[in-house]
Amino acid sequence: MPFAEHDGTSIYYETDGSSKHDTVAFVGDVAYGAWQWGWQHAAIAGPFESLVWDHRGTGESDAPDGPSSVAEMAGDLDAVLADHGVRKAHLVGAGLGGMVALHYAKEFSRAKTLTLIGTAANGSSLAPDVRDRLLAEKTPDALHESLRPAVSEAAFAAGLEDVVEWRLADDASLSAQRAQFAALEAFDVSDELYEITTPATVCHGTDDRVIPVEAGKELADGLPRGELVTFEDAPHLVHVEHSKAVNDTLLDFLARHADETFD
């Protein structure tokens, strides 16, 4: 099991597919474990190498005490990519993970493209009452209820038993969730988007009740090489509930930039 070290914190990651191909690194949303990418990495591994890692406080990674920051998490990502010997990577981030990818593209040199799912340029796009509903003790009932803002009503009513089991195994503890939400809410690159010239596609559900679609539109408009793809009536976890459409968009975008090189 590979681990990368960053400032005394061990960060777990795993890969699938051939390292001879471009690497696609998945950057997770706040609180959720690697299960959230189960609908993507199998589709990616083959034409690309898939890399999934656990945020600090999540899954197999260390959980240091105290608050966290997007900058710190971007440093974790760079440690993972360096440990695996990746020179350039396509970054796919959801929610908080999209913010980490944005910061990474601005401050580090390995980002080849950005796919930003349910992401905003400013943490204030997340309403405090939504944050409180997403926070959850690691019990089945609490984890199920906390999915309500992030999924469609139909999915929530179906029970989501498998997702709850995966969350029990892999999600962040409540204290680590709070640290990650603090990082998300403190993030703001609204006035610096012009500096992020990495090719980017912004994927957003029109029924996202966690990060409103308007925030995604503003993000795509502000990025010099940004493009927006919306998914009608899709919730925040659009890459879970509308995985085929999101995967088609992702693979098309990656194929267009797989051979593109940057200084």
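I will try to describe carefully the structure that is included in this document. (Residues numbered from 1 in each chain as written. Predicted model: local features only at pLDDT ≥ 70, side-chain atom pairs only at ≥ 80, totals over all residues. Heavy atoms only, no water.)

Remarks on the packing of helix α2 (residues 70–83) against helix α3 (residues 96–107)
We apply this condition: Here the axes come from fitting lines to C-alpha atoms, over the contacting stretch only for helices, and the angles between their N-to-C directions go from 0 to 180 degrees. A run of H or I in DSSP becomes a helix once it reaches four residues, and a run of E becomes a strand once it reaches two; helices and strands are each numbered from the N terminus. Each angle receives one of four descriptions, namely roughly parallel if under 35 degrees, roughly antiparallel if over 145, roughly perpendicular if within 65 to 115, and oblique otherwise. Whether two residues touch is decided by their heavy atoms; if any such pair falls within 4.5 Å, the residues are in contact. When residues are sorted by character, Ala, Val, Leu, Ile, Met, Phe, Trp, Tyr, Cys and Pro go into the nonpolar class, Asp, Glu, Lys and Arg into the charged class, and all the rest, Gly among them, into the polar class.
The contact between α2 and α3 brings their axes to 9 Å, and the two run at 75 degrees. Taken as axis vectors, α2 and α3 run roughly perpendicular relative to one another. Taken together, the residues of α3 that come into contact with α2 (itself represented by Val 70, Ala 71, Met 73, Ala 74, Leu 77, Asp 78 and Leu 81) are Leu 96, Met 99, Val 100, His 103 and Tyr 104. Partitioning the contact of α2 with α3 into residue classes produces 10 nonpolar, one polar and one charged.

Comments concerning the pattern of salt bridges
Keep this limit in mind: Every case where a carboxyl oxygen of Asp or Glu lies within 4 Å of a side-chain nitrogen of Lys or Arg is listed as a salt bridge. Throughout this description, buried means an accessible area under 20% of the type-specific maximum (1.4 Å probe, protein chains only), exposed means over 50%, and partly exposed covers the range between.
Across all of its chains, the model carries 14 salt bridges by this definition. With its nearest N and O atoms 2.9 Å apart, the salt bridge here joins Arg 148 to Glu 145. Look at Glu 145 and you get partly exposed, because its relative accessible area is 39%. Between Arg 256 and Glu 227 there is a salt bridge whose closest N-O contact spans 2.9 Å.

Remarks on the nonpolar core
We apply this condition: Residues grouped as a nonpolar core are buried Ala, Val, Leu, Ile, Met, Phe, Trp, Tyr and Cys residues, joined through side-chain atoms within 4.5 Å.
Judged by nonpolar contacts, the single largest core of 64 residues is most densely connected at Leu 91, Leu 102, Leu 114 and Leu 223. Among residues more than four places away in sequence, those in contact with Leu 114 are Leu 91, Ala 101, Leu 102, Ala 105, Ile 196, Thr 198, Pro 199, Ala 200, Thr 201 and Phe 253.

Topic: empty space enclosed by the protein
Worth spelling out the cut-off: A 1.4 Å probe that fits into a set of points on a 1 Å grid over the protein atoms alone but cannot get out defines a cavity; an open set with protein on both sides within 12 Å along at least five of seven lines defines a pocket, and lining residues are those with an atom within 4 Å of a point. Grid points are joined across faces, edges and corners, and a volume is the space filled by probe spheres set on the points.
Across all of its chains, the model carries two cavities of 30 Å³ or more by this definition. Of the volumes computed, that of the largest cavity is approximately 90 Å³. Forming the walls of the largest cavity are 15 residues, and the residues nearest its centre are Asp 29, Val 30, Leu 134, Val 210 and His 236. Secondary structure elements with two or more residues in the lining of the largest cavity: α3 and α8 (174–186). Residue composition of the lining of the largest cavity, by class: 11 nonpolar, three polar and one charged. In this model, the second largest cavity occupies a volume close to 50 Å³. Residue classes in the lining of the second largest cavity are distributed as five nonpolar, five polar and one charged.

A word on a negative patch on the surface
In plain terms, the rule: Candidate patch residues must exceed 30% relative accessible area and have no salt bridge, after which like charges are joined if within 9 Å and Val, Leu, Ile, Met, Phe, Trp or Tyr side chains if within 5 Å. Only the protein chains shown count as cover for residues, and all accessible areas are computed by the Shrake-Rupley method using a 1.4 Å probe. Just so you know, the count uses Lys and Arg for positive and Asp and Glu for negative, and it drops His and the chain ends. Taken as the charge location is NZ of Lys, CZ of Arg, CG of Asp or CD of Glu.
A surface patch of negative charge is lined by Glu 153, Asp 207, Glu 232 and Asp 233. Given a relative accessible area of 55%, Asp 233 falls into the exposed group.

Re the packing of aromatic side chains
This is how the line gets drawn: Here the aromatic set is Phe, Tyr and Trp, taking the six-membered ring for Trp, and pairing holds for ring centres within 6.5 Å; pairs whose planes are under 30 degrees apart are stacked, those over 60 apart are edge-to-face, and all others are tilted.
In this structure the tally under the stated criterion is six aromatic pairs. Geometrically, the ring pair formed by Trp 35 and Trp 39 is edge-to-face, given 6.5 Å between the ring centres and 80 degrees between the ring planes. For Trp 35, a relative accessible area of 7% translates into the label buried. Classification of Trp 39 by relative accessible area gives partly exposed; the value is 27%. Ring geometry for Tyr 104 and Phe 108: centres 4.7 Å apart, planes at 10 degrees, overall stacked. Under the relative-accessibility criterion, Tyr 104 is labelled buried at 0%.

So, α3
Along an α-helix, residues three or four positions apart point the same way, because every turn accommodates 3.6 residues. This is how the line gets drawn: To estimate how far a helix should reach, multiply one less than its number of residues by 1.5 Å.
With 12 residues, α3 should reach 16 Å at 1.5 Å per residue; the first-to-last C-alpha distance of 17 Å fits that figure. Counting buried residues in α3 gives 10 out of 12 residues, a clear majority hidden from the surface. Lining the buried residues of α3 we find β3 (23–27), α2, β5 (89–94), β6 (111–117), α8 and α9 (213–222).

Section: the pairing of β3
Stated precisely, the cut-off is as follows: In this analysis, strands are considered paired if DSSP registers two or more bridges between them.
Of all the five residues making up β3, five are buried; the element is thus mostly covered by neighbouring parts of the structure. Two strands pair when backbone bridges link them, and β3 and strand β4 (residues 49–53) are joined in this way by four bridges, in the parallel orientation. When the sheet's bridge partners are listed, Val 24 is paired in β4 with Ser 50. The pairing of β3 with β5 spans five bridges and is classified as parallel. Looking across to β5, one finds that Thr 23 is bridged to Ala 89.

Note that every value here comes from positions in space, so none of it alone points to a role or purpose.
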